[in-house]
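Notes for the structure review
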Amino acid sequence: MDFRKIIVMAALLVGSMHVSKACDICGCGVGSYYLGILPDFNKRFIGMRYQHKSLTTHLGPTGNRTPITADETYESLELWGAWNFGKRWRAMAILPYNFNTRHVRSSGQTGQKNGVGDIAVMGFYKVFEQAATTKASKLLVHSLWAGVGVKVPTGLYDNGERASVSQDAPNNFQLGTASTDFMVNLAYDIRLMDLGLNANVGYKVNTENRHEYRYGNKLTANTLVYYKFNIKNRVRIAPNAGAMYESQTNDVVYGKYDVAQSGGNSLIGVVGVEVNVGKISLGGNYQAPLAQDLAEGRARAGSRLLAHVSFGF
C-alpha cells in the first residue's frame, strides 16, 4: 500500500473544510442534512434520528436584540436508513417530520409549524477500501465513498412568510423549500487499529422554486476523530470529537436580487459517542458554535443536539 496516497487523501478532505468563504442559515431551518459517522451495519439498517437546533433572527446591525427579534427552535424526527447492494453500492434515504417554533419576546407572540419535511434520497459508490499491516504490525484500513442525491419538495412552503416581512429578512421558518435540490458527497474513513478519523464533505445545489425564491448553495464539511472500545466482543463504544464547517451563499429572489439577511458561515465543535450492541446502534452528539458570521450579523446560532437509534438487518 502507498501510505503517501493515504496521507494526501486525508489532507485533501480535511483541508476542504476551508475552501469556501461564505447556511439555510447555519444548518438551522429548512433543507439541512447531517450525516457524520454512520451506524455499524453490514447489509442495511433502519432507524430514527432526533435533532434540535436554535437560532435567533432579526437582530440589530450590531447584533443587538430589537423589538422584532425572534428566538426560533427547529426540531426534527427523522426516519432514515441505508441499504448496501453488493460490495460497492449503497442507497440512503432520510424522511423528516419537522417541529418549528418561533417566539418574539417583546410582543409575546409565538408561532408554530409542524409537518413533513423535504425527503432526501442518496446513492453512494465505494471508490476504494484498502487494508494493510504497518511495520509495527498494526492494522491500517481506509475507504472512500462518493455519493449523489436529490431532495424533493414534500414539505410545505408558506409563501406568506415572505409577504409579511422585509424582502431582506431571512426565510428559514419553513417546513420545505418547494424546490428540487441536488447533493454531492465524499465520505472518507481511515483507522489505525481502534483509532480513526472520519471526514465528510458535501455540497448542495438549490434550484429556484415556483415562488421565484432560491436558497443559497451550501457547503458542509466535518471531521471527527474517534476511538473504538470493544467490551467483551459484545459492546463497542466509540467516543468522538471534531469540527464542522458550514457555508452558504446568499438566497436569491426573482432570479437576480440577493436576500441580504441570508447566507454566511459557521465553525462548530462536535463531541459525541456511538454505541453498538449486536444489531442495535445508538448514539448522539452535541454541537456548539465556535465562530459564526450569519446573515450579515443579523442572526446568531445556538447549540445543537442529535440523537439516534437504529437496527441493522
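Please read all numbers here as calculations on a predicted model, not as lab measurements.

1. Description of the overall build of the protein chain
For the protein chain, the helix and strand inventory stands at two helices and 17 strands. Carbon and sulfur atoms make up 61% of the accessible area of the protein chain, which amounts to about 14,900 Å² in all.

2. So, the sheet that holds strand E13 (residues 252–253)
The strand order E9-E13-E14 describes an open sheet built from three strands, whose pairing is antiparallel. Each edge of the open sheet carries a strand with a single partner, namely strand E9 (213–214) and strand E14 (257–258). Where E9 and E13 come together, two bridges link them in antiparallel fashion. Bridge pairing in E13 places arginine 214 opposite valine 252.

3. Some thoughts on the nonpolar core
Of all hydrophobic cores here, the largest spans twelve residues; its members are Phe41, Phe45, Trp80, Ala82, Met92, Ile94, Ala120, Met122, Phe124, Trp145, Met183 and Ala187. For this core, the secondary structure elements donating two or more residues are strand E2 (70–85), strand E3 (89–104), strand E5 (119–133) and strand E7 (181–192). Ranked by size, the runner-up nonpolar core spans seven residues in total, among them Tyr74, Phe173, Leu294 and Ala299.

4. Remarks on unusual backbone geometry
Its identity as a non-glycine residue notwithstanding, serine 137 has a phi of 60°, on the positive side. For serine 137, the position within the fold is in the loop between E5 and strand E6 (139–152). You can call serine 137 exposed: its relative accessible area is 60%. In this structure, glutamate 212 is a non-glycine residue whose phi angle is positive, near 65°.

5. What about the environment of glutamine 130?
When you line up the elements, glutamine 130 lands in strand E5. Through-space distance from the C-alpha of glutamine 130 to that of valine 141 is 5.7 Å; in sequence the pair is eleven residues apart.

6. Thoughts on the packing of aromatic side chains
In the structure shown here, the tally under the stated rule is nine aromatic pairs. Their ring planes at 55° and their centres at 4.8 Å tell us that tyrosine 227 and phenylalanine 229 sit as a pair that is tilted. Assessed through its relative accessible area of 43%, phenylalanine 229 is described here as partly exposed. Ring centres 6.3 Å apart and planes at 10° place the aromatic pair phenylalanine 311 and phenylalanine 313 in the stacked group. It is arginine 44 that lies over the ring of tryptophan 83; its NZ or CZ is 4.6 Å from the centre.

7. Digging into the pairing of E6
One ladder, built from 14 bridges, connects E5 with E6; its direction is antiparallel. Among the inter-strand pairings, tyrosine 125 is bridged to a residue of E6, identified as alanine 146. Linkage of E5 to E6, two consecutive antiparallel strands, is achieved through a turn of five residues, within which serine 137 is found at a positive phi near 60°. Where E6 lies against E7, twelve bridges are found, and the strand directions are antiparallel. Following the sheet pairing, serine 143 is matched in E7 by aspartate 189.

8. Focus on the pairing of strand E1 (residues 44–57)
Pairing of E1 with E2, which is carried by 14 bridges, proceeds in the antiparallel orientation. Looking at the pairing, tyrosine 50 lines up with leucine 77 of E2.

9. Focus: the pattern of salt bridges
Tallied over the full model, the rule gives twelve salt bridges. In this structure, glutamate 161 and arginine 102 form a salt bridge, with 3.1 Å as the shortest nitrogen-oxygen distance. Of the two residues, glutamate 161 sits in helix H2 (residues 160–163) while arginine 102 sits in strand E3, which places them 59 residues apart along the sequence. Its relative accessible area of 14% is what places glutamate 161 among the buried residues.

10. Quick look at the side chain of aspartate 181
Within the fold, aspartate 181 resides in strand E7. With relative accessibility at 0%, the residue aspartate 181 sits in the buried group. For aspartate 181, the side chain forms a polar contact with the side chain of serine 179, separated by 2.9 Å. When neighbours within four sequence positions are excluded, aspartate 181 is seen to be in contact with Gly149, Val150, Lys151, Lys204, Val205, Asn206 and Thr207.

11. A short note on the environment of arginine 298
Counting through the fold element by element, arginine 298 comes out in the loop between strand E16 (280–294) and strand E17 (300–312). Taking the relative accessible area as the measure of exposure, arginine 298 reaches 27% and is therefore partly exposed. In sequence terms arginine 298 and alanine 260 are 38 residues apart; their C-alpha atoms lie 9.5 Å from each other. In this structure, arginine 298 is in contact with Thr56, Thr57, His58, Leu59, Gly60, Pro61 and Gln261, ignoring residues within four places of it in sequence.

Here is what the cut-offs are and how they apply
- As a convention, each chain's residues are numbered from 1 in the sequence order in which they are written.
- Local features are withheld for residues below a pLDDT of 70 in this predicted model, meaning they are given only at 70 or higher, and side-chain atom pairs are given and counted only at 80 or more; totals for whole chains, interfaces and linings count all residues.
- Heavy atoms throughout the structure, all of them, feed into the side-chain values; hydrogens and water do not.
- Comment: elements are numbered from the N terminus, with helices defined as DSSP H or I runs of at least four residues and strands as E runs of at least two.
- Per-residue accessibility takes into account occlusion by the displayed protein chains alone, with areas from the Shrake-Rupley method and a 1.4 Å probe.
- In this analysis, strands are considered paired if DSSP registers two or more bridges between them.
- Throughout, nonpolar core names a set of buried Ala, Val, Leu, Ile, Met, Phe, Trp, Tyr and Cys residues whose side chains join them through atoms within 4.5 Å.
- Relative accessibility decides the category of a residue: with a 1.4 Å probe and only protein chains considered, values under 20% of the type maximum give buried, values over 50% give exposed, and everything between is partly exposed.
- When the centres of two rings from Phe, Tyr and Trp lie within 6.5 Å, Trp using its six-membered ring, the rings pair. Their planes under 30 degrees apart give stacked, over 60 give edge-to-face, and anything left gives tilted.
- Only Lys NZ and Arg CZ are tested; either one counts as a charge over a ring when it is within 6 Å of the ring centre and within 35 degrees of the ring normal.
- Salt-bridge detection follows one rule: a side-chain nitrogen of Lys or Arg within 4 Å of a carboxyl oxygen of Asp or Glu.
- In protein, a polar contact requires one atom able to donate a hydrogen and another able to accept it; more generally it is a pair of N or O atoms within 3.5 Å, and residues adjacent in sequence count only if both atoms are side-chain atoms.
- It only takes one pair of heavy atoms within 4.5 Å for two residues to be counted as in contact.

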